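Chain by chain, the residues run as shown.
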Amino acid sequence: MPENVVRYGFVGTGMMGREHMRNVDLVDGSKIAAVFDRDEGSRREASTFAADDSVFFDDLKGLLASNSVDALVIATPNDTHGAVMAEIFESGVELPILLEKPVCTDIEQVRWLSEAARQYRAPIWVGMEYRYMPPVTELIQRVHAGECGDTRMIAMREHRNPFLRKVENWNRYAERTGGTLVEKCCHFFDLMRFIAQDEPVRVFASGDADVNHRDERLENGRRPEIIDNAFVVVDFASGLRASLDLCMFAEGAHWQEEIAVTGTKARLECFVPGHRNHDVDAEIEFSPRATDRPVERHAVEVPPDVLRAGGHHGSTYFEHQKFRKVVLGEGSVEVTLEDGLKAVAIGLAAERSAREKRVVSIDGLDFD
Ligand SMILES: NC(=O)c1ccc[n+]([C@@H]2O[C@H](COP(=O)([O-])OP(=O)(O)OC[C@H]3O[C@@H](n4cnc5c(N)ncnc54)[C@H](O)[C@@H]3O)[C@@H](O)[C@H]2O)c1
């Protein structure tokens, strides 16, 4: 192997695993060395991105024992992450891991992983790609540089298409995803915490499954019960408040994600088009209170090959550039396991809030 080539092992090569493979391919000094997926169709699809000498394993055990990779990328369904991580911990192999979000789907797994990972000495990075969408990264940097003054409100909106079809229909079952407010919205809860640099104390969510997947039938005639629209309000310890407005039957919307951060001095907003809108640039708008109107609106360009490599506005590429540095020992983990678990805990609290129609208090990984 030439020096500084990172050999990746991919566990789960469905839609997101292949997005990782395509992006790793764009990062210099990377090699798709090994693949394990239990579905033949996913393995076949992955083979079109793999190198001629990539090895396809029949099980995770074989991949771990092969000594052929420097890092792992795990993109299996949400409810399998715990078992995959347990197998890695038990194997004694300690490799840097990029684990897709959400880390897990219920509070018992949150507690178990939080404890079990303490013995693991290699870095674990949770795939919170939205932090790495270039317009979102710019917004975060400018807020943290103080351009808005003291941040008091964060408003997020995602208006998008319904959930896509997945292998085994796993995303149609709330118990396999953790529920929409975990599966989809952990990204936003992570962004809220990261932008606010603060911890949540309570959450109120109103949401339901009103429009999507109503004609679908799962095993035993069961209907998918996944929330497709919600408003979520999160109160933070400092008094800062954040909101999420989620609609998953809004594929006609021009912008898919909109984030507005308002502080004592100004408001900063970013607007991100959906992945079907590759010809539209994201935008940033800056509106100080002192000028009574926006003083800046500009496009945030992303290289076309990076946009084409995934469905998340280039974020997976920028995430991999940083993860590679961690693997080479030149950088530190930016999205820790604790970040990932806290985002799951907020999502689970929001699911409970929506179900029980009440405010739910949060304290670290615990909620009532
Ligand atoms: N960060 C993001 O923006 C983002 C976007 C989409 C998906 N995801 C996450 O990525 C993960 C995968 O989602 P997806 O959309 O690729 O789903 P998918 O159904 O397209 O792919 C999942 C793949 O994992 C395989 N698999 C299942 N159990 C396995 C196991 N134990 N070992 C090995 N392979 C296994 C399946 O056969 C399938 O090929 C999920 O956790 C999802 O939430 C993240």
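Residues numbered from 1 in each chain as written. Predicted model: local features only at pLDDT ≥ 70, side-chain atom pairs only at ≥ 80, totals over all residues. Heavy atoms only, no water.

By the naming in an unreviewed UniProt entry, the chain goes by Gfo/Idh/MocA family oxidoreductase and is assigned to Pararhizobium mangrovi.

Draft legend 1. Structural detail: the side chain of Asn-161. Among the structural elements, Asn-161 can be located in the loop between strand 7 (151-159) and helix 7 (174-177). Judged by relative accessible area, which is 6%, Asn-161 ranks as buried. With residues near it in sequence (within four places) discarded, Asn-161 still touches Met-248, Glu-251, Gln-256, His-275 and Arg-276. (Helix = DSSP H or I, 4+ residues; strand = E, 2+ residues; numbered from the N terminus. Buried < 20%, exposed > 50% of the residue type's maximum accessible area, 1.4 Å probe, protein only. Contact = heavy atoms within 4.5 Å.)

Draft legend 2. Examining the pattern of salt bridges more closely. Under the definition given, this model contains 35 salt bridges. Here Glu-45 ties to Arg-18 by a salt bridge, and the two come within 3.9 Å at their closest N and O atoms. Placement of the pair is Glu-45 in helix 2 (residues 40-47) and Arg-18 in helix 1 (residues 15-26), with a sequence separation of 27 residues. The class of Glu-45 is partly exposed, set by a relative accessible area of 42%. Judged by its relative accessible area of 14%, Arg-18 falls in the buried class. With a shortest N-O distance of 2.9 Å, Glu-269 and Arg-267 are connected by a salt bridge. The buried category is assigned to Glu-269, whose relative accessible area is 11%. (Salt bridge = Lys/Arg side-chain N within 4 Å of Asp/Glu carboxyl O.)

Draft legend 3. Up close: the domain arrangement of the chain. The assigned domain composition of the chain is domain 1 (6-129) and domain 2 (130-303 + 335-367). For domain 1 versus domain 2, the separation of C-alpha centres amounts to 25 Å. Tallying the contact residues gives 26 residues for domain 1 and 29 residues for domain 2. Both sides of the domain 1 and domain 2 interface together cover about 2,300 Å² of buried area, and 65% of this is carbon and sulfur. Between the two partners, domain 1 and domain 2, sit four salt bridges. (Domains from an automatic or database assignment. Buried area = accessible area lost by both parts, 1.4 Å probe.)

Draft legend 4. Spatial organisation of the UniProt feature "domain: Gfo/Idh/MocA-like oxidoreductase N-terminal" (unreviewed entry) in the chain. If you check UniProt for "domain: Gfo/Idh/MocA-like oxidoreductase N-terminal" (unreviewed entry), the listed places come out as residues 6-127 in our numbering. With 39% helix and 22% strand, residues 6-127 has end C-alpha atoms that lie 18 Å from one another. (UniProt positions renumbered as here; feature names shortened; annotations may be inferred.)

Draft legend 5. A look at the packing of aromatic side chains. Evaluated as defined, the whole model comprises nine aromatic pairs. Centroid distance Tyr-8 to Phe-10: 6.3 Å. Interplanar angle 35°. Geometry classified as tilted. A relative accessible area of 1% means that Tyr-8 is categorised as buried. Among the aromatic residues, those joined into a ring-pair cluster are Tyr-8, Phe-10, Trp-125, Tyr-132 and Phe-323. The aromatic ring of Phe-194 is capped on one face by Arg-131, whose charged end is 3.9 Å from the ring centroid. (Phe/Tyr/Trp six-rings, centres within 6.5 Å; stacked < 30°, edge-to-face > 60°. Lys NZ or Arg CZ within 6 Å of the ring centre and 35° of its normal.)

Draft legend 6. Geometry of the site of the ligand. Asp-37, Ser-42, Asn-78, Glu-129 and Lys-166 are the nearest of the 27 residues found near the ligand. At 2.2 Å, a side-chain N or O of Glu-129 approaches a nitrogen atom of the ligand. Glu-183 has a polar side-chain atom sitting 2.9 Å from an oxygen atom of the ligand. For the ligand, whose free accessible area comes to 840 Å², the fraction covered by protein is 94%. For the shell around the ligand, the per-class residue count stands at nine nonpolar, ten polar and eight charged. (Near = heavy atom within 4 Å. Polar contact = N/O pair within 3.5 Å; in protein donor to acceptor, adjacent residues only side chain to side chain. Areas by Shrake-Rupley, 256 points an atom, 1.4 Å probe, with all protein chains shown as cover. Nonpolar A, V, L, I, M, F, W, Y, C, P; charged D, E, K, R; others polar.)

Draft legend 7. Just the environment of Phe-236, in detail. Tracing the sequence through the fold places Phe-236 in strand 9 (residues 229-236). Classification of Phe-236 as buried rests on a relative accessible area of 3%. Apart from the residues within four sequence positions on either side, Phe-236 is in contact with Met-192, Arg-193, Ala-196, Asp-198, Glu-199, Pro-200, Val-201 and Ala-242.

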